[in-house]
Amino acid sequence: MDRVSALDEPLKKTLGAATAKVMAEHLDLHTLGDLLHHYPRRYAERGELTALSELPLDEHVTVVAQVADARILTFNQGRGRRLEVTITDGSGRLQLVFFGKGVHKPHKDLLPGTRAMFAGKVSVFNRKLQLSHPAYEPLSGGASAADAVDAFANQLIPIYPACKQLESWKISKAIDAVLDRAVDVVDPLPPALREGRGMATLPDALRKIHRPRTKADIAEARERLKWDEAFVLQVALARRRFADTQLPAVARRPLAGGLLDAFDARLPFTLTDGQQSVSKEIFDDLATEHPMHRLLQGEVGSGKTMVALRAMLAVVDAGGQAAMLAPTEVLAQQHHRSITEMMGDLAEGGMLGGSDQGTKVVLLTGSMGAAARRQALLDLVTGEAGIVIGTHALIEDKVQFHDLGLVVVDEQHRFGVEQRDALRSKAHSQGERRSPHLLVMTATPIPRTVAMTVFGDLETSVLDQLPAGRSPIASHVVPAADKPHFLARAWERVREEVDNGHQGYVVCPRIGDAEDEKPKKKSAEDEAEKRPPLAVLDVADQLAKGPLSGLRVEVLHGRMQPDDKDDVMRRFARGDVDVLVATTVIEVGVNVPNATAMVIMDADRFGVSQLHQLRGRVGRGSAPGLCLLVTEMPEASPARQRLAAVASTLDGFELSRIDLEQRREGDVLGQAQSGVRTSLRMLAVIEDEEVIAAAREEAVAIVGADPELAGLPELRTALDALLDKEREQYLDKG
């Protein structure tokens, strides 16, 4: 145990109070262990040896040369002093310059005839190349000079994540002071696993990451440290999954000849192979006496709602209730509308004209009138309503269920783990608390490794086939700044779609009312163009008066009253509106098969995955879709490259990879996963796919054999360090 506590030792004991305070406040480093795990960001090389005749400008170089002459010059009426040294290596000459108090030592060291190595950045002064204040190392003659050259020139200098108050080289000195304590580090990897994979020990990896002799040292250390992070995290998730399998739940098996069969019999189309195989996975999970925890990923329009609805019907058949949670009211209303339409009279159980096999499908949102809300709550507590669809108003204390068997959460990334947990606590079956089954749906394709890291406590199903009848979407970038006539043509294309009996969307980043005008923090790209993002209200006005005059143009945004929003959506769905100018409220769940064109204004202000989501709103019927990405960013900018990527592929998984590579993990793992995020220092969720997959496999095997990790005390210690309170809660609520 002493070894563990040795690394918990506060830094002020070793480094002194002042340095420790800066490290704690600015770098969040508090203990010896924290400092040892503060890895270099990169390594500077003093450069291969360069001939003086071939010096590149603005690069760090290392040269070996002989001092030809050295002289101290004064300037500024004798107040300033400058040492100029000329060196030569036979191929050319170079001037070195030292200023101020820094002239005395080099003046003593660099006498004419001295051979030395010099390292620094090449600059130009008076049209001549020079090195200003270079590092230097005098060389003695003989064979050892060659070795000295090698040791100096090829040395890898660690550059640490630093702050203004503490430069990288000071952090490096602090590491020097504690590096010999690396032998006290507890190694979380089971010896059999480490030896089987031929990995370095942890103390060895720490020494090599901080003080590498060669690039091979760095590679070996990184590989080992990535494994630690991936493995400890995957063990935590594997234990969570294992614990979930121990929880009691009520098995829910569909009833032959019940509601699900009646629904299937009425379907006007056959389910895709993907929908059938994913449904089978879900039904198998529902039939067990442990709660299902499944993530259902599917491209926009791949039929996730249909799969979720069939799961809900199966649970109602088995005597339970199902709740579907949507992130916004617009979406909840839409799900309610589309589910009642799909079910027809099966959604009118107990009502006049309803089917005998039917059930009641109720909507519960925060803005409902009191009478409707009272009725909905009553239908839930009596069990009259088999299916409820709502926003997180469903989680309020007042809401009681008769027998909640399944929770479907739509768009996980907008829905915190706490909400999932609160809903789960409402499941009572026959007076006992039993966990409901859980199905999480997301239309944001998540690369496999992120799913394994962020949603590692959920089993994953993927729908990657589009249902028959979905049409392809053509996407193009419209460079409004370089080619204004392209934008004019874009509006002509929207008119053509409307003339052909179709409808279109125009999406803007902002609403444009007074509340919206508060100055926001500007990004570098915003600064570059000095123009506020385009707003719905302004664009709608300009279009109605200009390029789309004569068409029925309406607006939709998040600050409208719920009834007004619903009214606009209904009229758009009915075909009474030609063009809807909206914010991203239409991003998820809006289903209008007749809408075929979408123009996204200031498209560079949206993320890759968000653009992909938005684009999925068109081409939902039999006519092909068109998506135009309007931008004023110049062609060479990263923003334009992002848009070109979106235009070039409809594969959401490919785009989510691109998105991730550009945003890095921090944003992906998000706040709900903050605990995990801070523990990933070396692991890059995208590049290290193989490490994560292998670590997961090993973790599952180890937890399966020894769930309590009784035989692996070091691993338990590492887990305790990873799972501080905040992370423990995150995993618990996962």
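Everything below is about the structure shown above.
Before going into details, it helps to say that this report is about the structure given with it.

About the criteria used
Residues numbered from 1 in each chain as written. Predicted model: local features only at pLDDT ≥ 70, side-chain atom pairs only at ≥ 80, totals over all residues. Heavy atoms only, no water. Core = buried A, V, L, I, M, F, W, Y, C linked by side-chain atoms within 4.5 Å. Buried < 20%, exposed > 50% of the residue type's maximum accessible area, 1.4 Å probe, protein only. Helix = DSSP H or I, 4+ residues; strand = E, 2+ residues; numbered from the N terminus. Pairing = 2+ DSSP bridges. Expected span 1.5 Å × (residues − 1). Contact = heavy atoms within 4.5 Å. Phe/Tyr/Trp six-rings, centres within 6.5 Å; stacked < 30°, edge-to-face > 60°. Arc of directions from axis to C-beta.

### Things to note about the nonpolar core
Within the largest apolar cluster, 40 residues are counted, with the highest numbers of intra-cluster contacts made by Met312, Met343, Ile387 and Leu406. Membership of the second largest hydrophobic core comes to 31 residues, among which are Ala20, Leu27, Val185 and Leu202.

### Concerning the pairing of strand 16 (residues 437-442)
The buried fraction of strand 16 is high, at six of six residues. Here strand 16 shows two buried faces, one formed by His437, Leu439 and Met441 and the other by Leu438, Val440 and Thr442. Judged from the five bridges that link them, strand 13 (residues 404-410) and strand 16 form a sheet pairing that is parallel. Considered in strand 16, the bridge of Leu406 is made with His437.

### Some details on the pairing of strand 9 (residues 293-298)
Burial analysis of strand 9 places six of its six residues in the buried class, which makes it a mostly covered element. Note: strand 9 against strand 16, five bridges, orientation parallel. Paired with Arg294 across the bridge in strand 16 is Leu439. In this sheet, strand 17 (residues 459-463) lies alongside strand 9 in parallel orientation, the contact comprising five bridges. Looking at strand 17, one finds that Leu295 is bridged to Thr460.

### Observations concerning helix 21 (residues 562-574)
Spanning 13 residues, helix 21 covers 18 Å between terminal C-alpha atoms, matching the ideal 18 Å at 1.5 Å per step. Restricting attention to buried positions, one finds in helix 21 the residues Lys565, Asp566, Val568, Met569, Arg571 and Phe572. Buried residues along helix 21 sit against helix 14 (329-343), strand 19 (503-507), strand 20 (553-556), strand 21 (579-582) and strand 22 (595-600). Gly575, located one to two residues past helix 21, shows a positive phi value of around 95°.

### Quick word on the packing of aromatic side chains
Tallied over the entire structure, the rule returns three aromatic pairs. Plain terms: the ring middles of Phe98 and Tyr136 are 6.3 Å apart, the flat faces sit at 85° to each other, and that makes the pair edge-to-face. Of this pair, Phe98 sits in strand 4 (residues 93-99) while Tyr136 is found in strand 7 (residues 135-138), placing the two residues 38 residues apart along the sequence. As far as the burial class goes, Phe98 and Tyr136 line up, both buried. Seen from their ring centres, Tyr505 and Phe572 are 5.1 Å apart, and the 55° between their planes marks the pair as tilted. In this pair, Tyr505 sits in strand 19 while Phe572 sits in helix 21, placing the two residues 67 residues apart along the sequence. Of the two residues, Tyr505 and Phe572, neither departs from the other in class, the shared state being buried.

### Considerations on helix 15 (residues 370-382)
For helix 15, spanning 13 residues, the distance from its first C-alpha to its last is 18 Å, which sits close to the expected 18 Å at 1.5 Å a residue. Among all positions of helix 15, only Arg373, Ala376, Leu377, Asp379 and Leu380 are buried. Relative to the axis of helix 15, the buried residues are bounded by an arc of 160° and lie together on one face. Exposed side of helix 15, more than 90 degrees from the buried face: Ala370, Ala371 and Arg374 are the residues found there. Those residues of helix 15 hidden inside the fold are in contact with strand 10 (321-325), strand 11 (360-364) and strand 12 (385-390). Gly383 occupies a position one or two residues after helix 15 and carries a positive phi of about 90°.

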